[in-house]
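Letter by letter, the chains look like this.
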Amino acid sequence: MGSIPFLNLDPMHRAIRKEMAEAYQRVYDSNWLVIGKELAAFEAEYTQFNQVQHAIGVSNGLDALFLCLKVLDIGPGDEVIVPSNTYIASVLAVTHVGATPVFVEPRWETYNINPELIEKAITSKTRAIMPVHLYGQACEMEAIMDIANKHDLYVIEDNAQAHGASWKGRPTGSWGHINATSFYPGKNLGALGDGGAVTTNDAELAEKVKMYRNYGSKEKYYNDVPGYNMRLDELQAAFLRVKLRHLLNWTQERQKIAQWYDEALASKKGITIPYVHPNATHSYHLYVIRTERRDDLQQQLKKEGVGTLIHYPVPPHLQKAYKYLGLQNGDLPVAEEIAHTSLSLPIWSGLTKKEVNLICNKIYDIVKGF
Ligand SMILES: *Cc1c(COP(=O)(O)O)cnc(C)c1O
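Quick summary incoming for the structure in this document. Not measured: the values here are computed from a predicted model.

This part is about the site of the ligand. Around the ligand, the surrounding shell consists of Asn60, Gly61, Leu62, Tyr87, Ala89, Val132, Asp158, Ala160, Gln161, Ser182, Lys187 and Gly195. Here an oxygen atom of the ligand and a side-chain polar atom of glutamine 161 are 2.8 Å apart. Within the contact set of the ligand, an oxygen atom lies 3.1 Å away from a side-chain nitrogen or oxygen of lysine 187. Calculation on the ligand without its partners gives an accessible area of 380 Å², and the protein chains cover 91% of this total. Looking at side-chain class alone, the shell around the ligand contains five nonpolar, five polar and two charged residues.

Written out as C-alpha cells, the structure is:
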C-alpha cells in the first residue's frame, strides 16, 4: 500500500463526475452566471436540508459570519463570546465588524465551548455568543440558547465544520438567531472553490443579508445600505446542489470511518480518541486524537507515508494578528493544551478499513516506543 494523504478528494469527485459535468453544462449553456436559478434552487434545497426558513448563499464562510454580525448591527464597543480553540475565521469576523472577541474555554471532552463558563464572560457590552461546532460535533445548544435568552443576547452558530450534525435531533445551523457555514472545498459540503451560506428563521434578517451580499441593493442600481460583493456564483451553486444530494451518504461514511478508528485506538495507552456527547451527533469533518508527544508522532507518521494535520497549532489569542488583545501564553490553558496535543488523522470518502487499520497499527507502534 502506498502513502495515505491527509485528504484525498479524488474518490468522491470521481464518483460524481458525470453529475458535476451536467451541472457545469447547464450553467454554461444558460449564460446566466450570477444571482440566478441555480442559486435560488440551492438555497431552497439547503433550507430543507438544514431545517431552516431561509438560507442565503454567500462568497465564503468568513463573509457569512461577517454578514451575520453586520445585520445584527454588532460593531465597535460590542463584545462577542467565542470559543478559545476555534479556527481564526470565527474571531476575524468579530474583529472585522469592529467588535471585541471574548474567549471562553472549551470542555476537554468535546472540544466545544463550555456553557458553564459562558455566564462569567458576559458583561454589559456582550451582544452575542458564537458557538463553533468544532471538528463536526454539535455544541450544547439548549444550554447556550437558555443563557442567551436569559441575558438577551444573540446566538450566531459557526457551522462551517458540521453540516449534517445535530443536537437533540435538531440540525446545527438551525438553533441560533442567525448562523453561518462554509463550503470551502475541504469542508463536509464543499464547492469547487469558495462558498458559504447564512441560515436563519428570521425573514427580516434574511432580507438584510441578501441586500448586503449584493451591494446593498434589492433592486438593481438602487442601494439602500452600503453593501458588499459577497455573492455565491451560479456555477458553485450548481455544483453544491449535486453534492448536497450525496451529503447524507458521505456523512454516514465519515461516521463509519470514525468508528473504525475508535475501535482500533480506544484501548491504546497514551491516545485520547474523540468523545461524542450523548445528545450530539458528530459529522466528523475531522477525526482528532490527542497525545503527549504529538509532534514526534506526526513526524514519524509522515516518514511512514501517513499525512496528518494539526487543527490548530496556535490558538487565536496567541496569533500575531491578535497580539493587540494583550493575551499571553497561559491565559487560556485548555485551548493551549489542545493546540499542543491534538492531531487530525485522514478521514475522507473512499478511505478503506484496511487503510485505517494500517494507520492505527503504525500509531500504536510509534506511541509504544515513546
Ligand atoms: C472553514 C471555517 C471557516 C471559514 O470558512 P471559509 O469559507 O474558509 O471562509 C469559519 N469557521 C470555521 C470553524 C471553519 O472551519
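Still more to cover.
The next point concerns the nonpolar core. Generally speaking, nonpolar side chains in soluble globular proteins are found buried as a group. Residues Leu69, Ile74, Val80, Met130, Ile156 and Ile178 are the most contacted members of the largest nonpolar core, which totals 36 residues. A per-element tally of this core places helix 4 (residues 61–71) first, with seven residues. Look past the residues within four positions of isoleucine 74 in its chain and what remains in contact with it is Leu69, Val80, Val97, Ala99, Arg127, Ala128 and Ile156. Counting 26 residues, the second largest nonpolar core, distinct from the first, contains Ile257, Tyr284, Leu343 and Leu345.

What follows concerns the side chain of asparagine 179. Tracing the backbone through its elements, the reader meets asparagine 179 in strand 8 (residues 179–182). Polar side-chain contacts of asparagine 179 include one of 3.5 Å to the backbone nitrogen of glycine 176. If near-sequence neighbours (up to four positions away) are discounted, asparagine 179 is found in contact with Cys68, Val155, Ile156, Glu157, Gly173, Ser174, Ala197, Val198 and Thr199.

This part takes up the packing of helix 2 (residues 17–30) against helix 9 (residues 234–265). Running from N to C, helix 2 and helix 9 cross one another at 150°; their axes reach a closest spacing of 9 Å. What the angle tells us is that helix 2 and helix 9 run roughly antiparallel. In terms of crossing hand, the pair formed by helix 2 and helix 9 is right-handed. Residues Glu19, Met20, Ala23, Tyr24, Arg26 and Val27 of helix 2 lie in contact with helix 9, whose contacting residues are Glu234, Leu235, Ala238, Phe239, Arg241, Val242, Lys243, Arg245 and His246.

Now for the environment of asparagine 31. Here asparagine 31 shows up in the loop between helix 2 and helix 3 (37–50). Taking C-alpha positions, asparagine 31 is 9.9 Å from glutamate 234, a pair spaced 203 residues apart along the chain.

With 16 residues, helix 12 (residues 353–368) extends 22 Å between its outermost C-alpha atoms, agreeing within 8% with the 22 Å of an ideal straight helix rising 1.5 Å per residue. Those residues of helix 12 lying buried are Glu355, Val356, Ile359, Cys360, Lys362, Ile363, Ile366 and Val367. Take helix 12 and look down its axis: the buried residues cluster within an arc of 160°, on one side only. Structural note: helix 12 exposes Lys354 and Lys368 on the side pointing more than 90 degrees away from its buried face. Where helix 12 is buried, its residues contact helix 9, helix 10 (294–303) and strand 13 (342–345).

How each quantity is defined
- Residues numbered from 1 in each chain as written.
- Predicted model: local features only at pLDDT ≥ 70, side-chain atom pairs only at ≥ 80, totals over all residues.
- Heavy atoms only, no water.
- Near = heavy atom within 4 Å.
- Polar contact = N/O pair within 3.5 Å; in protein donor to acceptor, adjacent residues only side chain to side chain.
- Areas by Shrake-Rupley, 256 points an atom, 1.4 Å probe, with all protein chains shown as cover.
- Nonpolar A, V, L, I, M, F, W, Y, C, P; charged D, E, K, R; others polar.
- Core = buried A, V, L, I, M, F, W, Y, C linked by side-chain atoms within 4.5 Å.
- Buried < 20%, exposed > 50% of the residue type's maximum accessible area, 1.4 Å probe, protein only.
- Helix = DSSP H or I, 4+ residues; strand = E, 2+ residues; numbered from the N terminus.
- Contact = heavy atoms within 4.5 Å.
- Axes fitted to C-alpha atoms, helices over the stretch in contact; angles between N-to-C directions.
- Parallel < 35°, antiparallel > 145°, perpendicular 65-115°, else oblique.
- Left-handed = near helix turned anticlockwise from the far one by under 90°.
- Expected span 1.5 Å × (residues − 1).
- Arc of directions from axis to C-beta.

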